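Structural characterization, general
This is what each chain is made of:
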Amino acid sequence: MAKFNTIKLVPLFVAIGVVVGILLGSFYANHYVGKRLAIINTSTNKLNDLLHLIDDQYVDTVDISYLVEESMPKILHELDPHSVYITKDEVEESMQDLNGSFSGIGVQFYIYQDTVRIVRVIKGGPSESSGLEAGDRIVAVDGKPYTGKEVTNEETLKLLKGENGSKVTLDVFRPGRKKKQTFNIVRGDVPLKSVDASFMLDEATGYIKISTFSDNTYAEFLSALARLERAKFKSLILDLRGNLGGYMAPAVQIANEFLPGGRLIVYTQGRKSPRKDYRSDGTGTYQTLPLTVLVDEVSASSSEILSGAIQDNDRGTIIGRRTFGKGLVQVPVEFADGSMLRLTTARYYTPSGRCLQKPYAQENGDTYENDLLLRAEHGEYFNADSIKTSGEKYRTTKGRIVYGGGGIIPDIFVARDTLGITNYFREAYLKGLIPMFSYGYVDGRRKLLGSYTKPQALALYLNKQRIVEKFVDFAAQNGVKRRNLMIKTSHNLLLQHISTNIINDILGPEAATEYAVSFDPAVRKALEVIRADATFPGVSANGEKTPQRKH
């Protein structure tokens, strides 16, 4: 009987021993930190113990939270160029493009003569229903005057953005009215479009420009296609230039619209991430539509996934310049305080097996950061023969040779357009005089300019008004010396930039894009390929890339 009771008490003795062990461990950990550090060799414990040691024994008081915030980015920087730490104050701004919206009042503004001037009221935002108009001058926020040298873009954004449902009061002067008006606006979701433009370039060719890949991109893209369907488009130019990427899912969904079933779109793979394939499901509506895709050195990440899928499946012609070369997959990790970590866990690979990521090494971090400048020095923006590759060859579905080394090398190269760039143009451009002049010109003529509904008609009117000569006078008053020979050389370029700014202010970004593509060499080249019925690439006898007529 006694033996039986002893056996029953064994679990209790074990439990008591564990508790005593934990208490003793905690005691020695708190009182003999230095000794414990001497015998612990693992790196993770070293970091924790270092912070405890500083907090416990350092000569001065240290803000450990600040120390952690400052050290996190430095630790991640040792891994790769795209693993990053985002503070809680920066999370919302970093996510707004991906989420497709942000919380604010919904206006675009320009600071002119130390005053915030509203350029555009965003459709679907809170200000649209409040009665604010383009041209209004904000002179006070929440009862406090807001004019003068303290007015900056950063401070204005802080004042106008805010939590969903919060209120802001704006005092506004409107041209033509003597008294100021007061608007009480409840902040809310302001939509951010990722499909900037969709319109017909001619009777048969549609054009769509995607600026980022967000939660809303695929739905916006389908809406843009439906708009082109109503115009009976028969071919498409998809513009991904300047698109830094975003979410992978919409890029895969868009590629699926153009590919037959069972085609590999992209795959991911990492040390702890087994290979995962993303394939087309055969439900795409535009599997035989003639397609060209425009890219440049800023097209990155999801833009490269989409253009790589089209190229490796021989589904369309890629036109422009070598893409950025970002092929690292980041997974977001949220911390309890609202901050966020984006940690690289895998790499993207095109269907032919090319890794999209360009080479990087931490000892050559400056080289990676300055890669786009180095491309310019090597002449890559102006000569296809200057494009650097790893030399490793891959083959598309039809056997065409494509090269690794980071980024997507286009099927057809289009050099960067430098026609008309002079020192005069550079000085005026870098001083920000073109948008400054454009806003001032628009501000006193909104009613007149607003009578034009088509971008080309408005551009023709501006040319007749000798808008470049007016700008030259304005630039001279703002420190840019008149240089007649350079002005003559840059005349068309100045006209295009000024007109684009004014059209954007009056008719919006889509109209400005419609005007800008009318003199765009990459768009012209894409139209040539489409009209030659050569959007479906083929393969030559030696395996080199050659666009050919579709079958």
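Structure shown above.
In what follows, the accompanying structure is described. (Residues numbered from 1 in each chain as written. Predicted model: local features only at pLDDT ≥ 70, side-chain atom pairs only at ≥ 80, totals over all residues. Heavy atoms only, no water.)

**Let's talk about the pattern of salt bridges**
Counted according to the given criterion, the structure contains 26 salt bridges. The closest approach of N and O atoms between Asp520 and Arg241, which form a salt bridge, is 2.7 Å. Here Asp520 is found in the loop between helix 19 (509-516) and helix 20 (521-531), whereas its partner Arg241 is found in the loop between strand 12 (235-239) and helix 9 (248-258), with 279 residues between them in sequence. Here Asp520 and Arg241 have matching classes, each one buried. The closest approach of N and O atoms between Arg275 and Asp277, which form a salt bridge, is 2.7 Å. Taken together, the shared-partner salt bridges connect Arg322, Lys358, Asp371, Arg375 and Glu380 into one network. (Salt bridge = Lys/Arg side-chain N within 4 Å of Asp/Glu carboxyl O. Helix = DSSP H or I, 4+ residues; strand = E, 2+ residues; numbered from the N terminus. Buried < 20%, exposed > 50% of the residue type's maximum accessible area, 1.4 Å probe, protein only.)

**So, the pairing of strand 8 (residues 181-186)**
The alternating pattern of strand 8 places Gln181, Phe183 and Ile185 on a buried face, while none of Thr182, Asn184 and Val186, on the opposite face, is buried. The sheet contact formed by strand 7 (residues 167-173) and strand 8 spans six bridges and is antiparallel. Paired with Val168 across the two strands is Ile185, which belongs to strand 8. (Pairing = 2+ DSSP bridges.)

**Considerations on empty space enclosed by the protein**
Here the structure, examined in full by the defined rule, presents one cavity of 30 Å³ or more. Forming the boundary of the largest cavity are Val116, Ile138, Val141, Tyr146, Thr156, Leu159 and Leu160. For the lining of the largest cavity, the leading source of residues is helix 7 (residues 153-160), giving three residues. Classifying every residue of the lining of the largest cavity by side-chain character gives six nonpolar, one polar and no charged. (1 Å grid on protein atoms, 1.4 Å probe; cavity = no way out; pocket = protein on both sides within 12 Å on 5 of 7 lines; lining within 4 Å. Points joined across faces, edges and corners; volume = space filled by probe spheres on them. Nonpolar A, V, L, I, M, F, W, Y, C, P; charged D, E, K, R; others polar.)

**Considerations on the side chain of Gln181**
Summarising the element assignment, Gln181 is placed in strand 8. A distance of 3.4 Å separates polar atoms of two side chains, one belonging to Gln181 and the other to Arg177. Here Gln181 is in contact with Leu170, Asp171, Val172 and Arg174, once residues within four sequence places are set aside. (Polar contact = N/O pair within 3.5 Å; in protein donor to acceptor, adjacent residues only side chain to side chain. Contact = heavy atoms within 4.5 Å.)

**Some details on the packing of helix 9 against helix 10 (residues 302-312)**
The relative placement of two packed helices is expressed as an angle between their axes plus a distance between the axes. Relative to each other, helix 9 and helix 10 sit at 20°, their axes nearing to 9 Å. When the axes of helix 9 and helix 10 are compared, the pair comes out roughly parallel. As helix 9 packs across helix 10, the resulting crossing turns out to be right-handed. On the side of helix 9, the interface is formed by Met248, Ala251, Ile254, Ala255 and Phe258, while helix 10 contributes Ser302, Ile305, Leu306, Ala309 and Ile310. (Axes fitted to C-alpha atoms, helices over the stretch in contact; angles between N-to-C directions. Parallel < 35°, antiparallel > 145°, perpendicular 65-115°, else oblique. Left-handed = near helix turned anticlockwise from the far one by under 90°.)

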